[in-house]
Amino acid sequence: MHSRPLDRRSFLRGAVAGGALLGLGMRSPLALAADLSGKPRPGKIGDYKISLAQWSLHKALFSGKLDNLDFPKVAREEYGVDGVEYVNQFFKDKPRDSAYLKDLKKRAADHGIANVLIMIDGEGDLSAPDKAARDQAVENHKKWVDAAAELGCHAIRVNTGNHYGPTDVADAAEACGALSAYGAERKIHVICENHGGPSSNPDALLALIKAVGSDNFGTLPDFGNFPKNDGQYAIDVYEAIARMMPFAKGVSAKSYDFDEQGNESNLDFARIMKIVTDAGYNGFVGIEYEGGRLSESDGIIATRKLLEKLRGSDYAG
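Each value, and the rule that gives it
- Every chain is numbered on its own, with residues counted from 1 as its sequence reads.
- Residues qualify for local features only when their pLDDT is at least 70, as the model is predicted, and side-chain atom pairs are given and counted only at 80 or more; totals for whole chains, interfaces and linings, by contrast, use all residues.
- The side-chain quantities take in all heavy atoms of the structure and omit both hydrogens and water.
- Each salt bridge in this description consists of a side-chain nitrogen of Lys or Arg and a carboxyl oxygen of Asp or Glu lying within 4 Å of one another.
- For the purposes of this entry, the term helix denotes a DSSP run of H or I that reaches at least four residues, the term strand denotes a run of E that reaches at least two, and both are numbered from the N terminus.
- Burial here depends on accessible area, computed with a 1.4 Å probe over protein chains only, as a share of the maximum for the residue type. Under 20% is buried, over 50% is exposed, and the range in between is partly exposed.
- To define a nonpolar core, start from buried Ala, Val, Leu, Ile, Met, Phe, Trp, Tyr and Cys residues and group those joined through side-chain atoms within 4.5 Å.
- Contact definition: two residues touch when any of their heavy atoms are within 4.5 Å.
- pLDDT is defined as a per-residue confidence score from the predictor, taking values between 0 and 100.
- What a helix is expected to span follows from its residue count: subtract one and scale by 1.5 Å.

Enquirer: What is the right way to read the pattern of salt bridges from this model?
Expert: Where charged atoms from two side chains of opposite charge come close, those side chains can pair. Under the defined criterion, the tally for this structure stands at 25 salt bridges. Across the pair Asp-121 and Arg-157 runs a salt bridge whose closest N-O atoms are separated by 3.0 Å. Here Asp-121, found in the loop between strand S4 (114-119) and helix H6 (131-151), pairs with Arg-157, found in strand S5 (residues 155-158); they are 36 residues apart in sequence, far enough to count as distant. For the pair formed by Asp-121 and Arg-157, the shared burial category is buried. Sharing partners across several salt bridges, the network here consists of Lys-131, Arg-134, Asp-135, Asp-171 and Glu-174.

Encoded structure:
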């Protein structure tokens, strides 16, 4: 059954109330107690599962060397992960193709692979200034909510758009709230990655999360998608990830390159994984290799080995 539509003023009143509830009672005790400074204390890194984000193989997929239907098999047999994270670009015309989705779901099950989420691109701006455009973007995303439910995923990742900021989230919150409500009816979380534009500004993204005020609407912290100046991160990425983690319903382990010891050259993965698990998160961490020196395959394997090495290890600080 669909929820009764809300006018904008009613929605925002609910968002404010929901934001208060989110701050007080919708986070786990561990998340509430987590240090948001990005400077975790020494101690053991917790447990988590490892999945493979499909974008790690985008070159193989775009070139036709890998078919979307074979992704779960490749993820298991070649990379030894337990879950997969799809990108809608690689089956853009299939969200309403039930036979295709059933086949994909069966192939994942046959290989012991969990379908974790679908990353959605190209379906409109959820923060567009024009309400009709926002409403259309919500409608465009709904078919992917349905597809995610049919595949047995727990979430879709959305792009929140380019027309909001830390103190101006009303339009984006209205649209994201409507989509989140639709997702909740189908037991599909709607989650926001720091993926360029306002979403890579933690102040803006967290203002949006709190304005929507729904436990079904959360974050997908990506280790690397933060603004840079002259090749250097313009903000403290560790603090940013720590602030996003209390709302996280997924984690994207972005990697670019590795040193001789197998550590990521640009990011302190041990520090990040301590932040992640200190927040009480023990779900899937998705490998998303985007480097240029190593091949896609070698980059994925290097990232998996690093995540496996860090799981349960001691973080010295």
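Enquirer: I keep staring at the nonpolar core and nothing clicks. Help me out?
Expert: Across soluble globular proteins, nonpolar side chains show a tendency to be buried alongside one another. Counting 99 residues, the largest nonpolar core has Ile-118 and Phe-223 as the members making the most contacts within it. Per-element tally for this core: the top contributor is helix H8 (residues 202-212), with eight residues. When sequence neighbours within four positions are dropped, the list of residues in contact with Ile-118 reads Tyr-86, Asn-88, Phe-91, Trp-144, Ala-147, Ala-148, Leu-151, Cys-153, Ala-155, Ile-156 and Arg-157.

Enquirer: Any chance you could explain the confidence of the model for the protein chain here in plain terms?
Expert: Detailed reading of the predicted coordinates is not advisable wherever pLDDT falls low. Mean pLDDT over the protein chain works out to 91, with 89% of the residues at or above the 70 mark. Counting contacts from residues 1-27, a segment whose pLDDT is below 50, to residues more than four positions away or on other chains yields 34 contacts.

Enquirer: Even after reading the chapter, I still don't get helix H7 (residues 170-185), so can you show me in this structure?
Expert: Helical geometry note: an α-helix holds 3.6 residues per turn, so side chains three or four residues apart project in the same direction. If you check H7, its first and last C-alpha atoms are 23 Å apart, about what 16 residues at 1.5 Å a residue would give, namely 22 Å. When we look at burial in H7, the residues that qualify are Ala-170, Ala-172, Ala-173, Glu-174, Ala-175, Cys-176, Gly-177, Leu-179, Ser-180, Tyr-182 and Gly-183. Of the residues one or two after H7, Lys-187 is the one with positive phi, at around 60°.

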